[in-house]
Each structure stands twice: as C-alpha cells, then as structure tokens.
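Read off the chains here:
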Amino acid sequence: MPYFVRRLIMFVVVVIFAATLNFIIPRLAPGDPISSVLEELRARGQTVQAEDDIVAVYRERFGLDKPLHEQYISYLVNTLQFDLGYSISYFPQTVESALLNALPWTIGLLAVSTFMAFALGTLLGALLAWPRAPQFLQGLIPLFMLLSAIPYYLLALLLMYVFGFLLKVLPLGGAYTSATVPSLSLPFILDVIKHGILPGLSITLAGLGFWALGMRGTMVTIQGEDYLTLAEAKGLRDRRIFFGYAVRNALLPQITALAIALGSVASGAVLVEVVFNYPGVGWLLYNALRSSDYYLIQGVAFFLVLTVALAVLVVDLIYPLLDPRIVR
Amino acid sequence: MTQDVSLQVNNLRVHYHTQDQAVKAVDDVTFSLYAGERLGIVGESGSGKSTLALALMRLHKPPAKIEGGEVILGETDILKVNREQMRQVRWSEISFIPQGSMNSLNPVMKIKHQMSDAIKAHQQGWTQQKISDRISDLLGRVGLSNSIADMYPHELSGGMKQRVCIALAIVLEPRAIIADEPTSALDVVVQRVVIQTLNDIQQQLNAAMIIIGHDMGLMAQSVDRLAVMYAGKMVDVSPVSSFFNDPLHPYSQLLISSLPSPDEKRELTGIPGMQPSLLDLPSGCAFHPRCPIAVEKCRQQIPPLRQIEESRRTACHLVEEKLR
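Just so it is clear, the structure is predicted and the values come from calculations on it, not from any experiment.

(A) Seen up close, the sheet that holds strand 9 (residues 225-230) of chain B. Residues and elements named next belong to chain B. Spatially, 8 strands are ordered 6-7-8-3-9-10-12-11 in an open sheet, and the strand pairing comes out mixed. Each of the sheet's edge strands pairs with one partner strand only, and the pair in question is strand 6 (94-97) and strand 11 (306-309). Looking at each pair of strands side by side, their axes are set apart by 25° on average, direction ignored. As defined by bridge partners, strand 3 (residues 38-42) adjoins strand 9 across 4 bridges and the pair is classed as parallel. Its bridge partner lying in strand 9, I41 is registered against A227. Across the sheet, helix 1 (residues 49-56) lies against strand 3, strand 6, strand 7 (176-180), strand 8 (208-213), strand 9 and strand 10 (233-239), angled at about 150° from strand 8, the strand it touches most. Packing of helix 9 (residues 250-257) onto the sheet brings it into contact with strand 9 and strand 10, and relative to strand 9 it is tilted by some 105°.

(B) Representation of the environment of V13(A) within the structure. Relative to the helices and strands, V13(A) resides in helix 1 (residues 3-28). According to the relative accessible area criterion, V13(A) is partly exposed, its value standing at 48%.

(C) Structural detail: the sheet that holds strand 5 (residues 76-77) of chain B. Residue and element names in this part refer to chain B. In space, the 4 strands of this open sheet follow the order 2-1-4-5, with antiparallel pairing throughout. The open sheet has two edge strands with one neighbour each: strand 2 (22-34) and strand 5. Bridge count for strand 1 (residues 5-17) against strand 2 is 9 bridges, and the pairing is antiparallel. The partner of Q8 across the bridge, within strand 2, is S32. Sitting on the sheet, helix 1 is in contact with strand 1, strand 2 and strand 4 (64-73), with an inclination near 115° to strand 1.

(D) Local environment of the packing of aromatic side chains. Under the defined criterion, the tally for this structure stands at 12 aromatic pairs over all chains. Both rings, one in W130(A) and one in F242(A), keep their centres 5.1 Å apart while their planes meet at 65°; by these two values the pair is edge-to-face. Taken together, the residues W130(A) in the loop between helix 5 (95-128) and helix 6 (140-149) and F242(A) in helix 10 (residues 238-276) connect sequence positions 112 residues apart. An identical accessibility class is assigned to W130(A) and F242(A); each is buried. For the ring pair F243(B) and F244(B), a centre distance of 5.4 Å and an interplane angle of 75° mean the geometry is edge-to-face.

What counts, and where the lines are drawn
Residues numbered from 1 in each chain as written. Chains lettered and ligands numbered in written order. Predicted model: local features only at pLDDT ≥ 70, side-chain atom pairs only at ≥ 80, totals over all residues. Heavy atoms only, no water. Pairing = 2+ DSSP bridges. Helix = DSSP H or I, 4+ residues; strand = E, 2+ residues; numbered from the N terminus. Axes fitted to C-alpha atoms, helices over the stretch in contact; angles between N-to-C directions. Contact = heavy atoms within 4.5 Å. Buried < 20%, exposed > 50% of the residue type's maximum accessible area, 1.4 Å probe, protein only. Phe/Tyr/Trp six-rings, centres within 6.5 Å; stacked < 30°, edge-to-face > 60°.

The following block contains the structure:
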C-alpha cells in the first residue's frame, strides 16, 4: 500500500477512535443528563411536576431512549459531519459556530508563535553547535535551559506583569480593544497585533529553548558524520555545508519532535489564552468547563484531537520529501 | 613515472592536545609524492596515518592541531594560506576518498547534486548541461550507469557508493588524491573492483595518489612506493618491490613475515607486544621494546629517517650502521 494511503487510513482511525472515546466517557458516569438537570433544579428548591414524563419526553427528543449502538452511530455520523449540537451556555449558538468564531484567533496566535519558536529555536540551536558560529552565542545555552523549564502560562503571567502592568506598554488581555468593531482596516489589524504580542511571545519564548536545545543536540551528533568531513573536503562554502549538509540532516528529528509537540502546544496554548483572556479555542474550553457546557466541551475536545491528528498527518506527508529513506 | 613533485611534506607535526599534554599523532613526517605515483601508507591503528591524511587537507578537527611543518602542493604551502584560499585548494587541487563506509555521502541528497555541489563551489562558469554531461561521463568511467545520478545513497550498495566517491574525487581533476582506507568495509571481491577502478582513474588523470590502509596484500598489488608509520613517525619508505623482497626496517621485516605466502610453507610470526600508547612513548626508538635486534643505542636515541639507498629511507640505527 502506498505510504500516503497508509497515513490517511491512520488519520481516519485516530479521528474515529477519538470520537468514540468522546462518546463513551460521558456515558460511563451514572445517571443521564436530563435527570441530572432536574436533580439540580430540585436541589434549588424548585418543584418539578410529572418528572417521569418530562424525563421521557426529553430522552426521546435527545435520542437517549434509543439503544446505545444506534446512539453511537448517529453520534458518529453527526460528528463527522461537524454537527456537534447546541452549546448550552451560548444557546442558541451551535457548538460549531462557537468554534468557528474562536478558531481564527487561536490559529493566528498558535500558528505564528509556534512557527516562530520552531524556526528561531532550530536556527539558533544549529548555530550553537556550529564551530564557526560566533562565540557569544554559547552564552545563550543557560538561558534556553531556563526558558525550556518554565511553563507557558507562568511565562505568560510574568510577561503580563512586566509589560502590561508595570510598564503599561502592552494591553493586559483580549484580542483587540473591546470598544472597536472587528474589520479589516489597518488600525484594527495593528490593534490585533499589539494584543497578540504578549501571548505570542510567551508561547514563542517557552518553546524556543526546547527547539534550540533539541537542534543543538542533533547538530553535535552530526558534526562527527563522515559526510560533513567530505563536504568540507569538497571545498564547499561554509553556508552551503551548514544549510545543505548539517542543518538539512539535523532537521529530520526536529520535524518528528514537532509532530509530537503539537499536542502539548495546543494544550499549553489553552492556558495562555485563559491568562490573556484571548477569545480563542482555549478560552472557549475554559468557559465551557466553568459552565459545565457538555456539548461544547465535547466539541472542543474533539476538535483539538482533530487538529493534532491533522497536523501529524501533514508532517507525515511532508516527511518523505525531507528524508528520501522514509518511503518504503 | 615522472619525477615532478606533486606534494611535498616537510617536518609535519600534528598534535592532539589533551588536558595536560600533547599527543604527537604525526611527529616530524617528511615525504614527497611524485606526479603520477601511488604511494601507500601503512601502519597499525593509532599510528597516525588517518590524522596525517586529514592534516594534508587541513581537515583535522580540534583537539588536533598542526604544530609545524610544510605541506607544499604545487608551489604553495597550504598551511600558510587563509581559510578561503584553502577552500579553493580543496578538491580542485587535492581531493579525498573517504573510508569505504556507509556515511560519506549526504543521505538526503541525490548523487548528482552531491557531485554538482563540488563543481559549483569551484567553477562558476559551467552551464547546467556541462555539469550533467560531466557527471554522466564520470559515472561511466567508474563503471556505474547514468541512472545512479538520480538516486539517493541509501539506494546503492557499498561498492557502488565507494565508486561514486571515486567519481566524486576526480570531478575537478585534482593533482593529488588521498584515499583513506578506500576498501575497508567492503568484501574482498568488491575491494578488488574498487582498487582496480581507483588505479585506472589515477592513471588516466596521471594524478598523484596516497592510499592509506593496513591491508599489506592489497597494497602490494596497487602502489608504487610504500611508507610505514609507527607511533606517529614515518619509519620506512621504499619502492614496493624492494620493500617486499628486502625489507630494511625491523618493523617492516616483521610485518612481512606475518603475511601468509603461497610459495613457502612456514610458521607465521606475529609481532610481539603492542604498539605503545602515544601518551607514554618509550625512550629512543619507539619500536625498541618490540624489536628483536634492539641494542642499547635504540633505547637512548631516536633514529632519524635516513637515506639508505637511492630511493629508500629508513629510521633505524642498526640498518644505518650495517650499510655504512
């Protein structure tokens, strides 16, 4: 079977498996959602009449009276069509429209800052291990070690305190100044960038150390490879040896690490969004958890799994282009 | 064989600097390499032959450091030129064939790009057509089909890779080629093919070649002169026929008597003892603890590499005295 077909099948399996877990886990808990809502009402001292009838009607409306496998199949069909149901806390908004509203913010923030951390960290890490790079770069190693040890959200709080609270040069939170109406005008875009600097910086800085140290490690190993000696013997220019022979080969494990790290990047970003009140998917998830919005939680969780699986798929499909040995 | 000197090495010293002392991996080595000649350098592991090979192209890495001497290629002492000049000398004047190991080619680059890289680094004016013509010509000369150019190293066998390395070494027709154990890690049949290819190519170009190795049998068939290294020093230099018929240095004698021969049935003798550690060399001649004929003088004075005959030089007090 061709490589990319195998990868695609893997992707579909992962997504279905994640959706299935999403279905099973809430149903493992005792009771059902309808009676727990009524339970809550009764606890507040309200009386509920004809309780059994209500439960039966709502169970039927939500399809809870059907056998489990039928529920499962209709759930799966709906989920895979991105019909994730209604959000309880944002009613009558659907889960998918809440997600779609939050998505551009998260993608903008995450994609840019993760890419920057990866690119910058990898380049700096490569230079750290390069004998002909400036010596002062060596001084960065302890800094990178420190950065890679600090969690995203802690760094976020620190940055917020220094730049938002003490210096007051950057806004404390939000994605744009609250009074403005989102548009594609230049002032609004500048406003968005200004709001994005701190959350973006905390993700970039926290990731930088990880990527730099990883790249440095691989580069050190590659220094001893015969093909680097031969490249130098060939009289190639330093820049060519560095990018074409050393970095090009050291990049391969980095790409693998990127695929693995994407999951933790997504979850780390959740907390950064909460700290900065950034209206992305993480913030959505946080609010959904606070208001026990089950459908929204399920939707966001499923969506996060989907994103990570998709990112891994993309990395998997790019990998053979980077390493010809991988296609078998 | 012409007697134009392609490469002249004078008193070359390469030391590895450890924490508290310098290890003399190449100690006062002097030799000439003539145009069109094949010089073999043999020695045990750790005798400094690979360090010498790398130092000749200034490819040695710290803690190795060239402490002194001259490496004159054509007219220039390459130990005196700057980095950029050295870069230009590499490959266009002196090229390198690595050990027949699996890792000398960049695993993520097609063969043709690894070859064109070397051309582009030295020849600006070449058209794409000229480069690809050159590559297919070279691959043909080492007995590989043109389709190899579009392959990656992992798609080739060990012997094919080594022939690619040979083709690569001659893209710019250098005046000198250094082959560092070009056939190790290859099986015996492939070894022969590779050595044959190497010899053919060398004769076509009339390039000077240094072959480094420890396979005396292979050396006997493929080089014109043989130099023996022991503990960082060159101790014996001789044309290959007289080296095998009438070895001068006691170490060379023992090396040859340790080789099996189909002509005479005799007990094979090894060389007693081990090569000394470069960190703790014996006084005088470094070989004296293992030498069957060593005398008091050998323990005290280091024998210099002296001219013994027209084309033979040996570093041994006793040989020198006997012939005087």
